[in-house]
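Architecture at a glance
Residue-level listing of the chains:
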Amino acid sequence: MSDQTRPTAPQGLPADAAASALQRFLKATEIDTRLLGMAGALLAIWLGFHLYGAIFRDGGAFLTPRNLWNLSVQTSSVGIMATGMVLIIVTRNIDLSVGSVLGFVAMIMGVLQVNILPQYLGLGSPLIWVVTVIVGMALGALVGAFNGWMIAYRGIPSFIVTLGGLMFFRGAAFLVANGKTISPVDADFALLGGGPYGAIGFWGSWIVGLLGCAGVLLMLRSSRANRQKHDFALRPIWAEAFMAALGCGLILGATLLVNAYPWPVGIVKNYAAAHNITVPPEGLFISHGYAIPVLILAFVGIVMTFLMTRTRFGRYVFAVGGNPEAAALAGINTKRLLVQIFALMGMLAGLSAVVSSARLNSATNALGQFDELYVIAAAVIGGTSLAGGIGTIYGAILGALVMESLRTGMVLIGFDTSIQSMVVGAVLVLAVYVDNIYRSKTK
Amino acid sequence: MANAVKGTPLVEMRDISISFGGIKAVDHVTVDLYPGEVVGLLGHNGAGKSTLIKCLSGAYQADAGQILINGKPVEINNPRDARAQNIETIYQTLALADNLDAASNLFLGRELVSSRGFLDESAMEAETRKILGRLNPNFKKFNVPVSALSGGQRQSVAIARAVYFNAKILIMDEPTAALGPHETQMVSELIEELKAQGLGIFLIEHDIHNVMKLCDRASVMKNGQLVGTVNVNEVTDEDILGMIILGKKPAKAA
């Protein structure tokens, strides 16, 4: 570093020193710089929309607990599917059918929980939502497995199979109830979509937040212990402390945020009436807390990350993406793997169908339309390479959050839908371009 | 016959045939391999060497013929079966997943897992450091994808993968084709060392000098058929070149 600093340019010295300090910091903490870039982009989007609202409209509405809470709920459905799309794209495939599968599964679940299950389990039975969710996810997995089978064992390109699926299942979704909308859905089922009752409240959120912090600390400790066992280089203690503070800070910050968003007055009134509570004149502050669909997304994100980084299955997914021939020569059953990946994607589409239809409190045959495009865009913005072999789960979730932030932000400042889709489309292309530059620089 | 005293061959590929779309890539070829021996497989591009050897490594399945390991007939239907017979292969393309690091490639398909069934990354990296430290002491890049490695380093990873799992039968498809002189020397030394340990090695090689230096016997193929097998120390390099180019067996063949 010091060799490159020419003595004739003394003003270059502090800049270099700062750069190397940053490099040392990143090296010690082992923070993924791409992750850093995406977090920065997200922050810029949030601040941009907030400031725009503050300056040109009647006050910034973006960085409010209410908006961020809604943003988290709206991200869930696409985010859940994006985690599965990472696996699909990593293995050099594509799944265009997820939106239609979502609509189809949602319709089947709607008919099941409204028209069929009450006859056998009794209206309002707490088993209805359980059976519905299981059937929905299983149906999604079955559809996905069939797609995967046609791709792996019948040699039809995934683009074609899932393009066919896109059309087929949209039509099938219509036929399930002849185009009728099924509403409302089962009351327990509806909680899975969020809303004031579909959130876990003040104390529940603190418990989740503290468990999350404990998880972060535990992970850091076990990783350090593992490195010690094999005499690998350890992170400096200050870097470990920084990572622990960062992880816990983010989780606790999110908890404070969701607890800062109170129930609307009307809901509080109904709740108070139902539970014989007298509302004081200044009103009752009842926190939403984490919405259930957000917790589902968090759970899916953790499980999928684990699957991709800690299991043989995940290792094989990456190996097939990097070099399918080498994977086969290493004894990996690549065809069966492909069926499993598509089945997993289908199952996640089924889960997203649960979240989407519960949030809407109804099942319509148009549910999930164009979702496949948002899901693919989320995965790609999140750094999943269409050339295969590269992608992360957290990236895809962040990608979904970026896209949803753009959509909500533009709604808040009053852009109409035509401008919205133009911006989202442009951002998608730009994100991939920036990522390309980044990759070629770091190689 | 020098081979008569060696007893049962480690590998016998008897009367192997395989064709693709009516073209006989391998046509009734019989080769064998004894412990502690290096058998060179020679011939032009397209002579059928790689195809023949892929029947042994499980990448292809022969249409006809029989494979015997230690005198017993075995079924090799996929790479897993081959690995179960302690057959390891270093492919010409190296067969590495470029997006994964050295340890992930070395253990690909045979990952070390913890008692709970999760990948034991640290243990795999530690083992990789050990074996690569032995094969190529200059190897330092353990935490980068193998796409970031030089040709020689990538070769080291492929060789380490074959050697690590206690191979008894090693197939090397042009192991030195992409290497510099220093690295070629390293591979030669490794072959000598493995031979001394009693491994049998099939070596597909184009460089006639390497054949003369490294191989005990040489089987020459042309147009899918076996021209003949000779003891390398009983023939000259011209004899072998004649077999490769003209398909002519020398008068004084083994």
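Rules and cut-offs
Each chain carries its own residue numbering, running from 1 in the written order of its sequence. To label them, take the chains in the order written and letter them from A, then take the ligands in the order written and number them from 1. Reporting of local features is limited, given that this is a predicted model, to residues whose pLDDT is at least 70; pairs of side-chain atoms are given and counted only at 80 or more, and all residues count toward the totals for whole chains, interfaces and linings. By definition, any uninterrupted DSSP run of H or I lasting at least four residues is a helix, any uninterrupted run of E lasting at least two residues is a strand, and each is numbered from the N terminus. Put plainly, a residue is buried at 20 or more neighbouring C-beta atoms within 10 Å of its own, exposed at 12 or fewer, and partly exposed in between, counting only other residues' C-beta atoms, which are placed from the backbone. Atoms counted for the radius of gyration: C-alpha only. Globule rule: 2.2 Å times the number of residues to the power 0.38. It is the C-beta atoms, placed from the backbone, that decide contacts: two residues are in contact if theirs lie within 7 Å. In this analysis an axis means a line fitted to C-alpha atoms, helices contributing only their contacting stretch, and an angle means the value between N-to-C directions, from 0 to 180 degrees. Residue polarity is assigned by list, with Asp, Glu, Lys and Arg as charged and Ala, Val, Leu, Ile, Met, Phe, Trp, Tyr, Cys and Pro as nonpolar; anything else, Gly included, falls into the polar class. For every residue, the predictor states its confidence as a pLDDT score lying anywhere from 0 to 100. Two strands are said to pair when DSSP picks up at least two bridges between them. Expected helix span is taken as 1.5 Å per residue step, with the number of steps being one fewer than the number of residues. Working note: the arc is built from the helix axis to C-beta atom directions.

For chain A, the count of helices and strands is 17 helices and zero strands. Along the three orthogonal principal directions, the C-alpha set of chain A runs to about 85 × 70 × 50 Å. Looking at chain A as a whole, 41% of its 443 residues are labelled buried.

Here the focus is the overall build of chain B. Across its full length, chain B carries eight helices and ten strands. Computed over its C-alpha atoms, the radius of gyration of chain B comes to 18 Å, within 12% of the 18 Å expected for a compact globule of 254 residues. For chain B, the C-alpha atoms occupy an extent of roughly 60 × 40 × 40 Å along the three principal directions. Sequence-distant contacts in chain B: of pairs separated by 6 or more residues, those separated by 24 or more amount to 63%.

Residue and element names in this part refer to chain A. Two elements in contact, helix α11 (residues 292-310) and helix α16 (residues 393-412), have axes separated by 9 Å at closest approach and are oriented at 145 degrees. When α11 is examined against α16, the residues Gly-301, Met-304, Thr-305 and Met-308 are found in contact with a partner set consisting of Ile-393, Tyr-394 and Ile-397. Broken down by class, the residue content of the contact of α11 with α16 amounts to five nonpolar, two polar and no charged.

All names here are of chain B. Put simply, chain B has an average pLDDT of 88, and 96% of its residues get 70 or more. Looking over chain B, one finds the lowest element-wise mean pLDDT in helix α8 (residues 237-246), namely 85, and the highest in helix α3 (residues 102-106), namely 95. With pTM at 0.89, the complex prediction returns an ipTM value of 0.88.

For the rest of this paragraph, the subject is the interface of chain A and chain B. Many analyses report the size of an interface as the accessible area lost when the parts associate. Between chain A and chain B, the contact holds 23 residues from the first and 21 residues from the second. With six residues, helix α12 (residues 312-322) of chain A is the single largest residue contributor to the side of chain A that touches chain B. Taken together, the residues of the side of chain A that touches chain B break down into nine nonpolar, eight polar and six charged.

So, about unusual backbone geometry. In this structure, Pro184(A) follows Ser183(A) across a cis peptide bond, with omega equal to -10 degrees. Mapped onto the secondary structure, Pro184(A) falls in the loop between α6 (158-176) and α7 (187-190). Despite not being glycine, Leu94(B) shows a phi value in the positive range, around 75 degrees. Inspection of the secondary structure puts Leu94(B) in the loop between β6 (87-90) and α3.

Turning next to the sheet that holds strand β2 (residues 23-33) of chain B. Residue and element names in this part refer to chain B. The sheet built from four strands is open, its strands ordered β2-β1-β4-β5 with antiparallel pairing. For this open sheet the edge positions go to β2 and β5 (72-74), each flanked by a neighbour on one side alone. For this sheet, the mean angle separating the axes of adjacent strands, direction not counted, is 30 degrees. Helix-sheet contacts for helix α1 (residues 49-57) involve β1 (11-20), β2 and β4 (64-69), and the interaxial angle to β1 is about 115 degrees.

Looking now at the confidence of the model for chain A. Put simply, chain A has an average pLDDT of 90, and 95% of its residues get 70 or more. Note on residues 1-13 of chain A: pLDDT is under 50 here. Beyond four places in sequence and across chains, it has five contacts.

With that settled, consider the sheet that holds strand β9 (residues 217-222) of chain B. Residue and element names in this part refer to chain B. Taken together, six strands build an open sheet; the order of strands is β6-β7-β8-β3-β9-β10 and the sheet is mixed. Of all the strands in the sheet, just β6 and β10 (225-231) have a single pairing partner and so form its edges. Strand-to-strand, the axes of this sheet are offset by a mean angle of 15 degrees, without reference to chain direction. Sheet topology places β9 next to β10; six bridges connect them, and they run antiparallel. Residue pairing across strands places Val-220 opposite Gly-228, the latter belonging to β10. Its contacts with the sheet put helix α6 (residues 181-196) on β3 (38-42), β7 (169-173) and β8 (200-204), and the angle it makes with β8 is roughly 150 degrees.

As a further point, take helix α4 (residues 121-135) of chain B. Taking 1.5 Å of rise per residue, the 15 residues of α4(B) would be expected to cover 21 Å, and the 21 Å separating its terminal C-alpha atoms lies within 8% of that figure. Here α4(B) has its buried residues at Glu121(B), Ser122(B), Met124(B), Glu125(B), Thr128(B) and Leu132(B). In a view along the axis of α4(B), the buried residues occupy a sector of 155 degrees, so they form one face of it. Exposed positions of α4(B) whose direction lies more than 90 degrees from the buried face are Lys130(B) and Arg134(B). In this fold, the buried residues of α4(B) make contact with α8 (201-229) of chain A together with α3 and α5 (151-164) of chain B.

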